[in-house]
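# Chain and residue survey
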4 protein chains.
Amino acid sequence: MAYSIFETEITVRPDDIDMNNHVHYSKYLDYILMARYDQMQKDYKMSMEEFIKRGYSWFASKVEIEYKRGLILSDKVIVKTQVNDYHGAQVFVNFWITKKETNKIAAEGKVTYTMVSASSGRPIRIPDDIIEKYSI
Amino acid sequence: MAYSIFETEITVRPDDIDMNNHVHYSKYLDYILMARYDQMQKDYKMSMEEFIKRGYSWFASKVEIEYKRGLILSDKVIVKTQVNDYHGAQVFVNFWITKKETNKIAAEGKVTYTMVSASSGRPIRIPDDIIEKYSI
Amino acid sequence: MAYSIFETEITVRPDDIDMNNHVHYSKYLDYILMARYDQMQKDYKMSMEEFIKRGYSWFASKVEIEYKRGLILSDKVIVKTQVNDYHGAQVFVNFWITKKETNKIAAEGKVTYTMVSASSGRPIRIPDDIIEKYSI
Amino acid sequence: MAYSIFETEITVRPDDIDMNNHVHYSKYLDYILMARYDQMQKDYKMSMEEFIKRGYSWFASKVEIEYKRGLILSDKVIVKTQVNDYHGAQVFVNFWITKKETNKIAAEGKVTYTMVSASSGRPIRIPDDIIEKYSI
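This structure is a prediction, so every number in the text was calculated from the model and none was measured.

### Some points on the overall build of chain A
Counting its secondary structure elements, chain A contains 3 helices and 5 strands. Across chain A, helices and strands are ordered from the amino to the carboxyl terminus as β-α-α-β-β-β-β-α. The globule rule puts the C-alpha radius of gyration for 136 residues at 14 Å, and the 15 Å found for chain A is close to it. C-alpha extents for chain A along the principal axes are approximately 45 × 35 × 25 Å. Looking at chain A as a whole, 36% of its 136 residues are labelled buried.

### Some remarks on the sheet that holds strand β2 (residues 56-67) of chain B
In spatial order, the strands read β1(B)-β3(B)-β4(B)-β5(B)-β2(B)-β2(C)-β5(C)-β4(C)-β3(C)-β1(C); together these 10 strands make up an open sheet with antiparallel pairing. In this open sheet, the two strands that pair with only one neighbour each are β1 (5-11) of chain B together with β1 (5-11) of chain C. Strand-to-strand, the axes of this sheet are offset by a mean angle of 25°, without reference to chain direction. Summarising the sheet, strand β3 (residues 76-87) of chain C and strand β4 (residues 90-99) of chain C pair through 10 bridges and their orientation is antiparallel. Looking at the pairing, K80 of chain C lines up with W96 of chain C of β4 of chain C.

### Quick look at the interface of chain C and chain B
Counting from both sides, the interface comprises 16 residues of chain C and, opposite them, 16 residues of chain B. When residues of the side of chain C that touches chain B are assigned to their parent elements, the largest contribution, 10 residues, is made by strand β2 (residues 56-67) of chain C. Class assignment of the residues belonging to the side of chain C that touches chain B gives a composition of 7 nonpolar, 4 polar and 5 charged. Two elements, β2 of chain B and β2 of chain C, share 5 bridges in a ladder whose sense is antiparallel. In the sheet register, V63 of chain B faces β2 of chain C, and the bridge partner there is I65 of chain C.

### Digging into the relation of the copies chain C and chain B
When chain C is fitted onto chain B, the two copies agree to an RMSD of 0.0 Å after a turn of 180° and an axial shift of 0.0 Å. Taken together, these values place the two copies in the relation of a two-fold axis. No C-alpha of chain C approaches the rotation axis more nearly than that of E64 of chain C, which lies at 2.2 Å. Looking at chain C, 100% of its interface residues are interface residues in chain B too, so the copies touch through the same face.

### With respect to the relation of the copies chain D and chain A
Placing chain D over chain A gives an RMSD of 0.0 Å and needs a rotation angle of 180°, together with 0.0 Å of translation along the axis. A share of 100% of the interface residues of chain D reappears at the interface of chain A, consistent with the copies meeting face to face through the same patch.

### Description of the interface of chain D and chain A
For an interface, size is often stated in terms of accessible area lost upon the parts coming together. On the chain A side, the residues contacting the 16 residues of chain D number 16 residues. Contributing elements (two or more residues each) for the side of chain D that touches chain A: α1 (27-42) and β2 (56-67) of chain D. Sort the elements by how many residues they give to the side of chain D that touches chain A and β2 of chain D lands first, with 10 residues. Along the lines of polarity and charge, the residues of the side of chain D that touches chain A split into 7 nonpolar, 4 polar and 5 charged.

### Here we look at the sheet that holds strand β4 (residues 90-99) of chain D
The antiparallel open sheet is built from 10 strands, whose spatial order is β1(A)-β3(A)-β4(A)-β5(A)-β2(A)-β2(D)-β5(D)-β4(D)-β3(D)-β1(D). Two strands close off the open sheet at either side, each with one partner strand: β1 (5-11) of chain A together with β1 (5-11) of chain D. The average angle at which neighbouring strand axes cross in this sheet is 25°, direction not considered. Bridge count for β1 of chain D against strand β3 (residues 76-87) of chain D is 7 bridges, and the pairing is antiparallel. When the sheet's bridge partners are listed, F6 of chain D is paired in β3 of chain D with T81 of chain D.

### Focus: the pairing of strand β5 (residues 105-117) of chain A
All names here are of chain A. By the bridge criterion, 11 bridges tie strand β2 (residues 56-67) to β5 in an arrangement that is antiparallel. Residue pairing for β5: Y67 is matched across the bridge by A107. Here strand β4 (residues 90-99) runs beside β5; their pairing, made up of 9 bridges, is antiparallel. In the sheet register, F95 faces β5, and the bridge partner there is G109.

### So, the nonpolar core
Most often, soluble globular proteins have nonpolar side chains that are buried together. In terms of nonpolar packing, the biggest core is built from 64 residues, with Y28, Y31 and I32 of chain B together with Y28, Y31 and I32 of chain C touching the most fellow members. For this core, the element with the most residues is helix α1 (residues 27-42) of chain C, which contributes 9 residues. Beyond its immediate chain neighbours, meaning those up to four positions away, Y31 of chain C contacts I10, V77, V79 and I97 of chain C.

### A word on unusual backbone geometry
Phi is positive for N21 of chain B, close to 65°, though the residue is something other than glycine. As for its placement among the helices and strands, N21 of chain B is situated in the loop between β1 and α1 (27-42).

### A closer look at the confidence of the model for chain A
Residues at a pLDDT of 70 or more form 99% of chain A, whose mean pLDDT is 96. For this predicted complex, the interface confidence score (ipTM) comes to 0.96, while the overall pTM stands at 0.97.

### Considerations on α1 of chain C
Taking 1.5 Å of rise per residue, 16 residues should cover 22 Å, and α1 of chain C covers 22 Å from first to last C-alpha, within 8% of that figure. The element α1 of chain C is extensively covered by neighbouring structure, given that 14 of its 16 residues are classed as buried.

The rules behind the values
- Residues numbered from 1 in each chain as written.
- Chains lettered and ligands numbered in written order.
- Predicted model: local features only at pLDDT ≥ 70, side-chain atom pairs only at ≥ 80, totals over all residues.
- Helix = DSSP H or I, 4+ residues; strand = E, 2+ residues; numbered from the N terminus.
- Rg over C-alpha atoms; globule rule 2.2 N^0.38 Å.
- Buried ≥ 20, exposed ≤ 12 C-beta atoms within 10 Å, placed from the backbone.
- Pairing = 2+ DSSP bridges.
- Axes fitted to C-alpha atoms, helices over the stretch in contact; angles between N-to-C directions.
- Contact = placed C-beta atoms within 7 Å.
- Nonpolar A, V, L, I, M, F, W, Y, C, P; charged D, E, K, R; others polar.
- Least-squares fit on C-alpha atoms with pLDDT ≥ 70 in both.
- Core = buried A, V, L, I, M, F, W, Y, C linked by C-beta atoms within 7 Å.
- pLDDT = per-residue confidence, 0-100.
- Expected span 1.5 Å × (residues − 1).

Below is the structure:
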C-alpha cells in the first residue's frame, strides 16, 4: 500500500538565487520544509502548531537529496512529498522537487523526521492517532 | 563625549553571495547583528544570554543603511559599531561595514534597538546598570 | 501627483523565522526585493530580465526601514510599494509590509535604487522610456 | 590509501539559528560549502577562482547528511572534509561537522560534486593535474 503524494507550489525568491544564477543548493531543504508545513495543515489536517500544543516537535534526522536540474528565478516550483513508512519515533518521507512548467524533476530524495518531546528533546514513539492521520 | 567604536571581523560565506556576485543586500543586516552579539560579549562584557537570563530581549526597531561599495566572496569584512545615545527603552547605534584590506566603507548607517520584556514583548526602560556597562 | 501603489503577497517560510519566533529582521529586505521583482513584471510590464537584456541592472543604494510589529509563520504578508520620485540614476520607492488579515503595518520605509550599467557597474541616468513605464 | 582530512572553523551567526534555537538544518549545507571553498584555497592550493579561470565550475549533485546533535549559537563549529574517491566528472567527499569544544559529531555524511564546463554546464572529466592536486 502506498500513501498519498501531496503538492505545494513554491515561489522562488531573488534571495534564493546564488552566484551561479540558480537556486542555491541548501534552499532546496528550505523548500522541502515549507512544503511539509503546508501539507501538514492542508492535507494531513494536523498543523505544526498542533504538534507543539501536544508537547511534540519534529526534527530532520537524515536527508538524502540528488540534484538533477538547476532551478532559476522564473521557475515555478512544485514540491511533492509522500510518507513512505513509520518506525518508532521516525517517519520516512520521499520528496520530488519539480519544475511546474515541464514537470521535470529538479531534485529528489528522502528525509527522515524524528518526533521528539518539546520539553526533553528526546525521541518519542509516534502516537497511533497521529500515525492514523498521516496514513492517507 | 563619544562612546567607543568596537570591531568584529566577518568571513563572507558562499551562501551570502547573490546573483550579482556580491554579498546580498539583506546579509549586511545579518553581519551587523553578528557584530553586535560578538561585541556584547567581547567588549561590553554582557552577552545576549545574560540579557535573556534577566528577562530582557532586544529587537531592531529601525535601520538606516547606505550601500557604498559591493562586497565580494574574497573580501575580509570588518563591522564597526558605536553606541551613539540612549533614550528610554532605546539605544541608537552607528555602524560602518568596511573592507579590511583597503579600509574602505562598503556600507554605513544606524540601527535603533529597543529593549523589551522577554515575557510581555513590551518596551522596558533600559536599567541604569546596563547603560553604565554600555557607556564605554 | 502620486504614483500607483502595487501589492505582492508573500508566503512566510519556516526558514524565515528566527530564534525569537518572528520573521528575521533581514528577511524583510528579501520580501521587499521579491515584491519589486514581482511588480516589475506584473504591474510595470518591464521585468528584471528585460533590464538585463538592455544592459542595465539595479542595486539598492539606501534602505530605511521601521519595524512596527513582528510577523509570525502563519501570517500572510502583503508588500506594497510605490515609486515616489526619480532623480538621475535613482528611483525612490516607498514600501509598506502589512499583515493581510488585519491590514496592520509590520514595517514601512523607503528604498533608493540606482540604475547601473551591467558591464561597468557605473550609474546610468534612467532612460525616459523606462521613467514613462514606471510613472503609472 | 586514504586522502587527508582538512578542517575549517565556522562561526555560527545569529541568522543561522531557527525557531527551535538551533542552527537551521539547511545551514549545515552552507557550512560544508564554506569549508570546501576555504580548503580548496588553504589546503589543496587551487581556489574556486582558479577553477573558474580555467572554465570549470562545480556543483553538488548529491548530498547525504545525518544530523546527530543540535548546534547552538555559542558553539564553535569545525567542518572536516576528505576526498574519498574520483570517477569521471565526479568527486566523492566525506564530511563531519563537529562541536569544537567536545569534538562530538553534530552531523556527518557525504557530498558528490560534479565538475562542469562553465560555458555549457555539461559534466567534464576531471583533468589529471587537478586529480593530482586533490590527491593529498
